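Analysis of the macromolecular model
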Amino acid sequence: MQYYNREVVPMLDGKFTEPVGRSLYAAAAEITELVAWTAYDLGRHGLAQRYFLQGLRLAQASGDRMLGGLLLADMSHQANYLGRYDQAIQLARAAQEGCRGVATATPMALFFAMEARAHAGNGDEAACVHALLEAERHFAKRNVDDDPSWVSYFDAAELASEGAHCYRDLRKPTQAMEFVGQAVGLCDPMYVRTLAFDRLVQAASYVHMGEPGQAATVALEAIDLAGALKSQRYLRYIRDLQADLAAHEGDSRVAAFNAVVAEKYSSPAA
């Protein structure tokens, strides 16, 4: 935020040609998105929303519709996290419509994946499956050489992870496990944060399958993998899993999981 306010904002008030201005606004939009995601990860949701909106305005000023779609998809992700599923659907669809005929295949796959996540939160399996299929259809047509650099992270592992999250939220553990297997198998081991999230989705699915002990074992592996990670989004996964396991506290492995959480994260925040 300090860098953004001290270095980026003053540049936006400078004098420049239109092409330079468009490039500058686009670069500023990407930095603003980073600030917004940092605030989101810290649980500062009002601040994150303000920066997402500022990033969207900068993307619009740059004329980069794909980048604008990314900011809308980010806002959809956050709305879904906050339980505002209808809003999340609207934002994801706005990203799709705003980029139709303009975006390359990978961003479109991302936008449909965000819609699928929101339908899953709403418990609408049919709409979720339809959006996931659309995401997969677009992803199958991708050419990474055509994509903007900011979407390079959205690879096959990431798409599979989105599917896993969808089916976890729908409480369809068999399907969730299939997607988790793909996500973990395809993910580069260097992305420990992503793998920790995927493992916690797997743990939740074990609970839904009636295997709380196995869920606790996988969750402990995820905590070990995450290391010092203490983002609020990560802690939300931990807290949600504890809630799922509340009825199984007599299981020794569940008790061990709760003990580790109590020691490592004294008060997981929302």
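The present account deals with the structure reproduced in this document. Predicted model only: the values in this text are computed from it and were never measured.

The rules behind the values
- Residues numbered from 1 in each chain as written.
- Predicted model: local features only at pLDDT ≥ 70, side-chain atom pairs only at ≥ 80, totals over all residues.
- Heavy atoms only, no water.
- Helix = DSSP H or I, 4+ residues; strand = E, 2+ residues; numbered from the N terminus.
- Rg over C-alpha atoms; globule rule 2.2 N^0.38 Å.
- Contact = heavy atoms within 4.5 Å.
- Areas by Shrake-Rupley, 256 points an atom, 1.4 Å probe, with all protein chains shown as cover.
- Axes fitted to C-alpha atoms, helices over the stretch in contact; angles between N-to-C directions.
- Parallel < 35°, antiparallel > 145°, perpendicular 65-115°, else oblique.
- Left-handed = near helix turned anticlockwise from the far one by under 90°.
- Phe/Tyr/Trp six-rings, centres within 6.5 Å; stacked < 30°, edge-to-face > 60°.
- Buried < 20%, exposed > 50% of the residue type's maximum accessible area, 1.4 Å probe, protein only.
- Core = buried A, V, L, I, M, F, W, Y, C linked by side-chain atoms within 4.5 Å.
- Disulfide = S-S within 2.5 Å.

Description of the overall build of the protein
For the protein, the count of helices and strands is 13 helices and zero strands. Helices and strands appear in the protein in the N-to-C order α-α-α-α-α-α-α-α-α-α-α-α-α. What you see for the protein is a C-alpha radius of gyration of 19 Å, in line with the 18 Å of a compact globule of 270 residues. Principal-axis analysis of the C-alpha atoms places the extent of the protein at approximately 65 × 40 × 35 Å. In the protein, the share of contacts with a sequence separation of at least 24, taken over all contacts with a separation of at least 6, comes to 64%. Of the roughly 12,700 Å² of accessible surface on the protein, 52% is carried by carbon and sulfur atoms.

A short note on the packing of helix H10 (residues 192-208) against helix H12 (residues 232-244)
A pair of packed helices can be characterised by two numbers: the angle between their axes and the separation between those axes. Taken N-terminus to C-terminus, the directions of H10 and H12 make an angle of 15°; their axes are 10 Å apart at the nearest point. In this view, H10 runs roughly parallel relative to H12, as classed from their interaxial angle. Crossing of H10 against H12: the hand is left-handed. Residue-level inspection shows Arg193, Ala196, Phe197, Leu200, Val201, Ala203, Ala204, Val207 and His208 of H10 in contact with H12, the latter providing Arg233, Tyr234, Tyr237, Ile238, Leu241 and Asp244.

Observations regarding the packing of aromatic side chains
Evaluated as defined, the whole model comprises 11 aromatic pairs. Ring plane angle 85° and centroid distance 6.1 Å describe the contact between Phe16 and Tyr25, whose orientation is recorded as edge-to-face. Judged by its relative accessible area of 21%, Tyr25 is partly exposed. Three or more aromatic residues joined by ring pairs form one cluster here, namely Trp37, Tyr40, Phe52 and Tyr81.

Focus: the environment of Tyr237
With respect to the helices and strands, Tyr237 occurs in helix H12. Judged by relative accessible area, Tyr237 falls into the buried class, the value being 12%. Along the backbone, Tyr237 and Ala204 are 33 residues apart, and their C-alpha atoms lie at a distance of 9.0 Å. The residues touching Tyr237, leaving out its near neighbours within four places in the chain, are His165, Arg168, Phe197, Leu200 and Val201.

Examining the nonpolar core
Counting 48 residues, the largest nonpolar core has Phe52, Leu67, Leu110, Phe111 and Phe154 as its most contacted members. At the level of elements, helix H1 (2-12), helix H2 (18-41), helix H3 (45-62), helix H4 (65-81), helix H5 (85-99), helix H6 (105-121) and helix H7 (125-140) are the ones that each hand at least two residues to this core. Here this core takes nine residues from H4, the largest share from any one element. When sequence neighbours within four positions are dropped, the list of residues in contact with Phe111 reads Met66, Gly69, Leu70, Ala73, Ala92, Ala95, Gln96 and Cys99. The next biggest cluster of nonpolar side chains, apart from the first, holds 41 residues, and it includes Ala116, Ala196, Val207 and Leu235.

Here's the deal with the state of the cysteines
Each disulfide is one covalent bond, formed between the sulfur atoms of two cysteines. Using the criterion set out here, one finds zero disulfides in the structure. With no disulfide of its own, Cys99 lies 20 Å from the sulfur of Cys166, the closest cysteine sulfur. Cysteine Cys166 remains unbridged, with the sulfur of Cys128 as its closest cysteine sulfur at 3.8 Å.

Things to note about the side chain of Thr32
Along the polypeptide, Thr32 turns up in helix H2. Beyond its immediate sequence surroundings of up to four residues, Thr32 is in contact with Tyr4, Tyr51, Gln54, Gly55 and Leu58.

As for unusual backbone geometry
Positioned with a positive phi, Arg171 is a non-glycine residue whose angle comes to about 55°. Its place among the elements puts Arg171 in the loop between helix H8 (156-169) and helix H9 (173-186).

None of this, on its own, says anything about what the molecule does.
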